[in-house]
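Single-letter residue listing:
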Amino acid sequence: MSLPSLPDMILDPLVRAALMEDLGTYGDLTTRTVIPAGTRYRAQLRAREAGVASGMQIARMAFHMVDPALALTLHKSDGSAIASGDVLMEIEGDAASILTAERVALNFAGRLSGIATITAGFVAETAGTKARITCTRKTTPGLRIVEKQAVLHGGGFNHRFSLSDAILVKDNHIAAAGGIRPVLRAIKGQASHMVRIEIEVDTLAQLAEVLDEGGADVVLLDNMDSGALREAVAMSAGQLVLEASGNMKLERIAEVAATGIDYISVGALTHSARTLDLGLDF
């Protein structure tokens, strides 16, 4: 899947903070000590296992932030399927600069490629259905924008980015506000017409209450079994977008998708993704 890149200026603070963390107070002491000035080299960012590439943009930025003179050739774009041994990127220029940026570039690329890869696995389980896999806000603090971009690279979809993007009424909101009807009536009186409204329900009786009261665009069906999800789809009859959530394991996704649900939200895409094994070979 080929997707437009984010503007570099949005990602700049993330790359800069990561490099500052890695460089410490005195820079790359090892490289300055052992690499003669002016040494030039060509390195290859290579996959050591199969998956889906992500983080190529931010890896490129890490190398160029250390040394704008480095020549980079991209062989695999974000969203590309990759096999073990594939060269994702070549970097040529000052050897010290390449070594200094190496770890930050690999940390981002490995982490984000891991997210894209697990997402692609979940998406594959929805084949032949209308269900879409979407992420959650269970992301690494400070890295949400790139982790959600990695979900897109894996063929998934994004849920809201922040609390200000939409109204999502969870069970605790309902408990604190006195019930589903008071919540929906409060929203009707205050929410802008430009704001989407989602409400979480735990039972089909609550779904019936939402349908009767009106005012929601999306219903989050939390921790329901597949039979209940099928019944919810029948009850809604296309009136609402339905999202299934709650402990969504890979082995259950095909069954959930087959119920006719619209979205399946999976926190594991970001909170449990394993870093893909990538390496920089000199």
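Naming follows an unreviewed UniProt entry, where the protein appears as Probable nicotinate-nucleotide pyrophosphorylase [carboxylating] of Alloyangia pacifica. The UniProt entry for the protein carries the following text under Subunit (unreviewed entry): "Hexamer formed by 3 homodimers." Under the UniProt heading Pathway (unreviewed entry), the entry covering the protein gives this text: "Cofactor biosynthesis; NAD(+) biosynthesis; nicotinate D-ribonucleotide from quinolinate: step 1/1."

Draft legend 1. Spotlight on the layout of surface pockets. Quantified by volume, the largest pocket comes out at close to 460 Å³. Around the largest pocket, the lining comprises 24 residues; the ones closest to its centre are Thr136, Lys138, Ser245, Ser265 and Gly267.

Draft legend 2. Just the sheet that holds strand S10 (residues 241–245), in detail. Ordered in space as S6-S11-S10-S9-S8-S7, the six strands form an open sheet in which the pairing is parallel. Every interior strand has two partners, whereas the edge strands, strand S6 (132–134) and strand S7 (167–169), have only one. For this sheet the average axis-to-axis angle between neighbouring strands, irrespective of direction, equals 25 degrees. Examined bridge by bridge, S7 and strand S8 (residues 197–201) share three bridges and lie parallel to one another.

Draft legend 3. Unusual backbone geometry, seen in detail. With phi around 50 degrees, Ala237 is a residue other than glycine that occupies positive phi space. The topology assignment puts Ala237 in the loop between helix H9 (226–236) and S10. Among the residues examined, Ala237 registers a relative accessible area of 60% and is labelled exposed. In this structure, Asn247 takes a positive phi of about 55 degrees despite not being glycine. Among the structural elements, Asn247 can be located in the loop between S10 and helix H10 (250–257).

Draft legend 4. A look at the domain arrangement of the protein. What the domain assignment reports for the protein is domain 1 (8–117 + 274–281) and domain 2 (124–272). Taken together, both faces of the contact between domain 1 and domain 2 bury some 1,000 Å²; the carbon and sulfur share is 66%. For the domain 1 face of the interface with domain 2, the top three residues by lost area are Leu14, Arg111 and Ile115, together amounting to 44%. Linking domain 1 to domain 2 there are one salt bridge. Residue Arg111 pairs with Glu147 through a salt bridge whose shortest N-O separation is 3.1 Å. Connecting domain 1 to domain 2 are five residue pairs in polar contact (both at pLDDT 80 or more). Those elements that place two or more of their residues in the side of domain 1 that touches domain 2 are helix H1 (8–23) and helix H4 (95–124). For the side of domain 1 that touches domain 2, the element with the highest residue contribution is H4, accounting for five residues. In terms of residue class, the side of domain 1 that touches domain 2 is built from 10 nonpolar, two polar and three charged.

Draft legend 5. Broad picture of the side chain of Ser226. Residue position: Ser226 is located in helix H9. Ser226 gets classed as buried once you look at its relative accessible area, which sits at 6%. When sequence neighbours within four positions are dropped, the list of residues in contact with Ser226 reads Arg252, Glu255, Val256 and Thr259.

Draft legend 6. Structural detail: the packing of aromatic side chains. Enumeration according to the criterion identifies one aromatic pair in this entry. Sitting over the ring of Tyr26, Arg32 keeps its end group 4.4 Å from the ring centre. The ring of Phe161 has Lys148 sitting right over it, with the charged end atom 5.3 Å from the ring centre.

Basis of the calculations
Residues numbered from 1 in each chain as written. Predicted model: local features only at pLDDT ≥ 70, side-chain atom pairs only at ≥ 80, totals over all residues. Heavy atoms only, no water. UniProt positions renumbered as here; feature names shortened; annotations may be inferred. 1 Å grid on protein atoms, 1.4 Å probe; cavity = no way out; pocket = protein on both sides within 12 Å on 5 of 7 lines; lining within 4 Å. Points joined across faces, edges and corners; volume = space filled by probe spheres on them. Pairing = 2+ DSSP bridges. Helix = DSSP H or I, 4+ residues; strand = E, 2+ residues; numbered from the N terminus. Axes fitted to C-alpha atoms, helices over the stretch in contact; angles between N-to-C directions. Buried < 20%, exposed > 50% of the residue type's maximum accessible area, 1.4 Å probe, protein only. Domains from an automatic or database assignment. Buried area = accessible area lost by both parts, 1.4 Å probe. Salt bridge = Lys/Arg side-chain N within 4 Å of Asp/Glu carboxyl O. Polar contact = N/O pair within 3.5 Å; in protein donor to acceptor, adjacent residues only side chain to side chain. Nonpolar A, V, L, I, M, F, W, Y, C, P; charged D, E, K, R; others polar. Contact = heavy atoms within 4.5 Å. Phe/Tyr/Trp six-rings, centres within 6.5 Å; stacked < 30°, edge-to-face > 60°. Lys NZ or Arg CZ within 6 Å of the ring centre and 35° of its normal.

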